[in-house]
Amino acid sequence: MTDQPEAEPPAEPSAAPYVASETTTTVEDADAAEQPNGRRPLTGHAIIQAVTEGNSVVITILAFVIALLVGAVLIVASDPVVLRAWDSFGYGPGAAFSSTWHSVSAAYSALFEGSIFSPATISAAFHGGSIAAIFYPLSLTAFEATPLILTGLSVAVCFRAGMFNIGAAGQWVGGALVATWLGYAVNLPIVLHAVVCIIGAFVGGAVIGWVVGEIKARTGAHEVILTIMLNYVMYNLLAFVLSSRSLMQAPGQTNAVAPNINSNAFLPHVGGPPPQVGAGFLIAVAAAAATAWLLSRSTTGFEFRTVGASPSAARSAGIKVERVWVLAFLIAGGLAGLSAATIVLGQTAPLTTNSYGTYGFDGITVALLGRASPVGVVLAALLFGALHAGGTAMEAATQVPSSLVQVLQGLIVLFVAAPPLVRAMFRLRAARSAGLEAVPKGWNT
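Our subject in this report is the structure included herewith.

Turning our eyes to something else, we now look at the overall build of the chain. Across its full length, the chain carries 19 helices and zero strands. Split into buried and exposed, the 445 residues of the chain put 46% on the buried side. Of the contacts formed within the chain by residues at least 6 apart in sequence, a portion of 71% connects residues at least 24 apart. For the chain, the exposed surface amounts to about 22700 Å²; the carbon and sulfur share of it is 67%.

Put into structure tokens, the structure is as follows:
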């Protein structure tokens, strides 16, 4: 028997490919691979990276801090006691710093206590005081935020579809007119009456929004011009209707004021006289949840986002862009109409030519600060609601003008809209992904 050559053992697989893949895979990629949706887990490394790079959340927080610092300077500059103390800085520097701290801390403490809670009410509750008084500042904040949530959602929906809705104020008026008429001209049971008025407000605002979308879809007119002009049309229509005795002017009145709506149509409050949070806030939160589902989970929301990213690409993909424009403005108008319902049905004061206030234009600010996200809109509206609620308490307690609140709002939006400026001030690195700060495109670009 001849000797057979022994079979060589199989060669071990080379480790080179594994080493190469190991060296080319970053920690961030490995973290992202662990998540089915590609998102990195919330780890200490991710948090530190978010802070050092300055993502959208960090930029918003830093913008709020900068606004408070600038507001502190304005408080000091408007306080004659503090200015006199600084005039004598060379003789008493401690008194100047102490006076400055007292002025700023007193103003911001009053702002906080008027919008969140007051330690005095908590202490009083333990000694037989009212427990409900603890939550009253939060109730005021929610009350102030309620119409802003809905007008902010109105603007955000159009942002997602690539359009700029400056007509939330006019759509608000449309919803207010229908809700008011249904409130005093129709007699229904207590719950049904409020439901009918709410639906009517949505329809009234939706019709005004539909007009804008339809004109834009048929003629190609720019939505900014359409909404601005339609705002003035609705303002004057409101004044005309409320000044005509044959239309909606209250009997026996010479001023432009509507009749009082029936008590059956009022939205219930938590307790006590308004303003307090009530069913209107629940409607706003429910609308935010529905909008979030619409934009992120529905086919319609996908079409909105696609058209907002690129109308030409959406049209090539078979999406009817004009239909999306009309539908987006119809929904946006309905949300603005719901905002009117929370005001008209949530308080005892009748509709006047000043009832629309600044809700529509504040909604633009809220949508920008919330980055056109329903959750962000709710948080931004609560922030502005807290500033509005606390501004009155701040002025009453410290004589600091409540107009400082408007300055703080403007500064917050200014710095949120300029992330490179905030990064430069705090020496943060540029974020790796532009998507962290992407705001849906407007102006159809």
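And the narrative resumes.
This brings us to a nonpolar patch on the surface. Judged by side-chain polarity, I190, V191, L192, V195, I199, V203 and V207 come together as a nonpolar surface patch covering roughly 610 Å² of accessible area. You can see V207 is positioned in helix α10 (residues 190-219).

A separate point is the nonpolar core. Grouped together as the largest cluster of nonpolar side chains are 110 residues, with contacts concentrated most on W172, V173, L177, F304, L345, L351 and M394. Examining the composition of this core, we find that 14 residues originate from one element, helix α15 (residues 321-344), more than from any other. Not counting residues up to four positions away in its chain, the partners in contact with M394 are A107, A110, L111, Q399, V400, P401, L404 and V405.

Contact geometry for helix α4 (residues 56-77) and helix α18 (residues 403-416): axes closest at 8 Å, N-to-C directions at 140°. Every pair of crossing elements has a handedness; the one defined by α4 and α18 is right-handed. Taking contact as the criterion, the partners of I59, T60, A63, F64, I66, A67, L68, V70, G71, L74 and I75 in α4 are, on α18, L404, V407, L408, L411, I412, F415 and V416. For the contact of α4 with α18, the class distribution of residues is 16 nonpolar, two polar and no charged.

Bringing the pattern of salt bridges into the picture now. A full pass over the atoms with the stated rule returns four salt bridges. One salt bridge connects K216 with E223, and the closest N-O pair in it is separated by 2.9 Å. Here K216 matches E223 in class, with each residue buried.

Note that A194 resides in helix α10. Taking the C-alpha atoms as reference points, A194 and L267, 73 residues apart in sequence, are found 6.7 Å from one another. Here A194 is in contact with N264, A265, F266, L267 and L345, once residues within four sequence places are set aside.

Once that is clear, we can look at α18. An α-helix turns once per 3.6 residues; consequently, residues spaced three or four apart project the same way. Counted at 1.5 Å a residue, the expected span for α18 with its 14 residues is 20 Å, and the 20 Å between its end C-alpha atoms agrees. Turning to α18, its buried residues number three or more, namely L404, V405, L408, Q409, L411, I412, V413, F415 and V416. Where α18 is buried, its residues touch α4, α6 (93-115), α16 (359-369), α17 (374-398) and α19 (419-426).

Before going further, it helps to examine the side chain of E223. On the secondary structure map, E223 appears in helix α11 (residues 223-243). A relative accessible area of 0% places E223 in the buried class. In terms of polar contacts, E223 uses its side chain to reach the side chain of K216, at 2.9 Å.

Conventions used here
Residues numbered from 1 in each chain as written. Predicted model: local features only at pLDDT ≥ 70, side-chain atom pairs only at ≥ 80, totals over all residues. Heavy atoms only, no water. Helix = DSSP H or I, 4+ residues; strand = E, 2+ residues; numbered from the N terminus. Buried < 20%, exposed > 50% of the residue type's maximum accessible area, 1.4 Å probe, protein only. Contact = heavy atoms within 4.5 Å. Areas by Shrake-Rupley, 256 points an atom, 1.4 Å probe, with all protein chains shown as cover. Patch = residues over 30% accessible without salt bridge, like charges linked within 9 Å, V, L, I, M, F, W, Y side chains within 5 Å. Salt bridge = Lys/Arg side-chain N within 4 Å of Asp/Glu carboxyl O. Core = buried A, V, L, I, M, F, W, Y, C linked by side-chain atoms within 4.5 Å. Axes fitted to C-alpha atoms, helices over the stretch in contact; angles between N-to-C directions. Left-handed = near helix turned anticlockwise from the far one by under 90°. Nonpolar A, V, L, I, M, F, W, Y, C, P; charged D, E, K, R; others polar. Expected span 1.5 Å × (residues − 1). Polar contact = N/O pair within 3.5 Å; in protein donor to acceptor, adjacent residues only side chain to side chain.

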